[in-house]
Amino acid sequence: LRIPSLTSLSSAAAAASVPLRQFPLQVNLPHAVRRFSAVNFSAQSNTVEKEVNSPATEDGSSRAKFQQDKDPVITPRSQDFNAWYLDVIANAELADYGPVRGTMVIRPYGYAIWEAIQEYLNKKFKETGHSNVYFPQFIPYSFIEKEASHVEGFSPELALVTIGGGKELEEKLVVRPTSETIVNHMFTQWIHSYRDLPLMINQWVNVTRWEMRTKPFVRTLEFLWQEGHTAHATQDEAEKEALQMIDMYTKFAFEQAAIPVIPGRKSKVETFAGASKTYTIEAMMGDRKALQAGTSHNLGQNFSRAFETQFTDENGQRQHVWQTSWAISTRFVGGIIMTHGDDAGLMLPPNLAPIQVIIVPIWKKEDERVGVLAAASTVKATLQAAGIKVKVDDSEQRTPGWKFNFWEMKGVPLRIEIGPRDVSNKSVVVSRRDVPGKQGKVFGISMESSVVVDYVKTKLAEVQSSLLKAAVSFRDSNIVDVSSYEELKQAIGEGKWARGPWSASDEEEARVKEETGATIRCFPFEQPEGTKKKCLMTGNPADEVAVFAKSY
């Protein structure tokens, strides 16, 4: 089955006229938002697109020809990273295009990765005292206007509802871009006394931001995320919460996703609209661009003052609450793809893989079939009982070699092969996804329950560790320490990250972005010790080093 790349699908979908059903809801976008032209989903790509003449389905929508060619084709990463990324998403069946440009449909395999992320984080949130809630996705526009920097920061990305039920609304509604405003509206009704604090909630929801430049999982008009919101009696408590959550994200990135993020504080220019401080985890992708993989904001009293969210303290005095908000989104799925994938396709860390082990039974003669399938079923049951996520590919329409390539492309960490000789020897063959060829294949692993379970668990742990080690090595080899602006420009020009002392103005920071395309990703929490530093731009004393990089 040769699946066309998402690059090709986008041209076909954009070129076709897709009739939309009429809903009793009209969405009017701000005047600054232009209509999308018939271009690729990812406007960031420099790839020259070729249009595909695809037959229309019965409903008039355009769909590429999935069935006509034989084998999946993935563009090499080194040839065109963006085309490779889109090919992996299509071939690994992670997502497809929605009928509205810039939207995507997350397919079962892609959503299963998101579910694994949810499962881990949801448990951690509850362990730290947070409760799940749900807020409406429609927010009165007047709420957005209450916090000046917030409305200024989000205005170009807002989707507005002006008509409902066939009538013009008295007040236009914003389709949720984030929930600080509506949360504060409710906090004002829920919080009265210091006894009501801290109030700590989280919600798993969809978000709409009308992006001009989109890329599946990384930046889409609508995406999924969790957003936490907390209210506290003191500034110190809010700061402790904001740091606790970015630490939680950092641990998740390292231990579950095998992504060696750099945690730190955003510059004033890059701080979230309406926040006093923004903390971030920054990840280096395979093309050496930075991905902001998660953020935690200390909101101070900015929103509580705008909404008059107050409480009576222990001395009977009225005080404004101190707040935080923090989020991780489906963007993290894109980060996993771009950190670990290779020319063969996806490579998933075992801790987040929907399928950790794929079993491929192999037989030639019909009389071998029953014994091989029975052995495969037994090994599957043994591994499942040990808590390992395993699947048997017993389909008879494809050859074993095709199955090997297919499941490698889907990033399954381990493959177990069972043939007639293995059945006779009561053993299996185990191959690692992260070690290609014969080097990653081991023969003669006993089917005996304790042996095969221990071996598989050990190998899964080794794959998890190996992916992190490789990502750390790649990251560290592509960060350059600089002490002057010329050195910074050279490092960025070579596609690397630059790390150097910084105490210059916001205007100088804007100059770096204009001249190099790079931004301050963060001031890392881990700062070098030793001699006093001088700002790489001005030569003035600098207390911190900053990390600069081009980003998604």
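Criteria and thresholds
Residues numbered from 1 in each chain as written. Predicted model: local features only at pLDDT ≥ 70, side-chain atom pairs only at ≥ 80, totals over all residues. Heavy atoms only, no water. Helix = DSSP H or I, 4+ residues; strand = E, 2+ residues; numbered from the N terminus. pLDDT = per-residue confidence, 0-100. Contact = heavy atoms within 4.5 Å. Buried < 20%, exposed > 50% of the residue type's maximum accessible area, 1.4 Å probe, protein only. Pairing = 2+ DSSP bridges. Axes fitted to C-alpha atoms, helices over the stretch in contact; angles between N-to-C directions. Expected span 1.5 Å × (residues − 1). Phe/Tyr/Trp six-rings, centres within 6.5 Å; stacked < 30°, edge-to-face > 60°.

Peer 1: Looking at this structure, how should I read unusual backbone geometry?
Peer 2: A negative phi angle characterises most non-glycine residues, just as the trans form characterises most peptide bonds. In this structure, proline 198 follows leucine 197 across a cis peptide bond, with omega equal to -5 degrees. Following the sequence through the fold, proline 198 ends up in the loop between helix H6 (180-190) and strand S8 (199-208). For glutamate 93, which is not glycine, the phi dihedral falls at a positive 60 degrees. Mapped onto the elements, glutamate 93 comes out in the loop between helix H2 (81-91) and strand S2 (95-97).

Peer 1: Can you walk me through the confidence of the model for the protein in this structure?
Peer 2: Any region with low pLDDT has predicted coordinates that should not be read closely. Scored by pLDDT, the protein has a mean of 88; 86% of the residues are at 70 or more. Across residues 1-69 the pLDDT falls below 50, and counting only partners more than four positions away or on other chains, this stretch makes 137 contacts in the model.

Peer 1: Looking at this structure, I do not really get helix H9 (residues 331-340). What am I missing?
Peer 2: One turn of the α-helix equals 3.6 residues, which is why residues spaced by three or four share an orientation. Of all 10 residues in H9, 10 are buried; the element is thus mostly enclosed. Listed as buried for H9 are Arg331, Phe332, Val333, Gly334, Gly335, Ile336, Ile337, Met338, Thr339 and His340.

Peer 1: Which parts of the structure should I look at to understand the sheet that holds strand S19 (residues 427-432)?
Peer 2: One key point about sheets: their strands pair by backbone hydrogen bonds, in either a parallel or an antiparallel sense. In spatial order, the strands read S17-S16-S18-S19-S20; together these five strands make up an open sheet with mixed pairing. With one partner strand each, in any of the chains shown, strand S17 (390-392) and strand S20 (441-446) form the two edges of the open sheet. Averaged over all pairs of adjacent strands, the angle between their axes in this sheet comes to 25 degrees, without regard to strand direction. Pairing of strand S16 (residues 357-361) with S17 involves three bridges; the strand directions are parallel. Bridge pairing in S17 links isoleucine 358 to lysine 391. Along the sheet, helix H10 (residues 366-385) makes contact with S16, S17, strand S18 (414-418) and S19, crossing S16 at roughly 165 degrees. Of the strands in this sheet, S16, S18, S19 and S20 touch helix H13 (residues 449-477), which is tilted by about 5 degrees from S19.

Peer 1: Teacher, can you tell me more about helix H3 (residues 108-127) here?
Peer 2: Given a rise of 1.5 Å per residue, 20 residues ought to cover 28 Å, and the 28 Å separating the end C-alpha atoms of H3 matches this to within 8%. Within the sequence span of H3, burial applies to Tyr109, Gly110, Ala112, Ile113, Trp114, Ala116, Ile117, Gln118, Tyr120, Leu121, Asn122 and Phe125. Of the residues trailing H3, glycine 129 is marked for its positive phi of about 90 degrees.

Peer 1: Explain the packing of aromatic side chains here, please?
Peer 2: Each aromatic ring pair is characterised by the separation of its centres together with the angle its planes make. Under the counting rule described, the total for this entry stands at 14 aromatic pairs. Between phenylalanine 187 and tryptophan 190, the ring centres sit 6.2 Å apart and the planes meet at 50 degrees, which makes this aromatic pair tilted. Here the residue phenylalanine 187 and the residue tryptophan 190 both occupy positions in helix H6, the gap between them amounting to three residues, near one helical turn. Linked through ring pairs, Trp114, Phe125, Trp204 and Trp326 together constitute an aromatic cluster.

Peer 1: Explanation requested: the sheet that holds strand S11 (residues 277-284) in the structure shown.
Peer 2: Judged by pairing direction, the sheet is mixed, and its 11 strands sit side by side in the order S4-S8-S9-S15-S12-S11-S10-S23-S26-S22-S21 without closing on themselves. Looking at strand neighbours, the two that pair on one side only are strand S4 (131-132) and strand S21 (479-481), the edges of this open sheet. Bridge count for strand S10 (residues 262-265) against strand S23 (residues 519-524) is two bridges, and the pairing is antiparallel. Within the sheet, the bridge partner assigned to arginine 265 lies in S23 and is phenylalanine 523. Lying on the sheet, H6 is in contact with S8, strand S9 (222-232), strand S12 (290-300) and strand S15 (322-329); it crosses S9 at an angle near 35 degrees. In the packing of H9 onto the sheet, the strands contacted are S11, S12 and S15, and the crossing angle to S12 comes to about 145 degrees.

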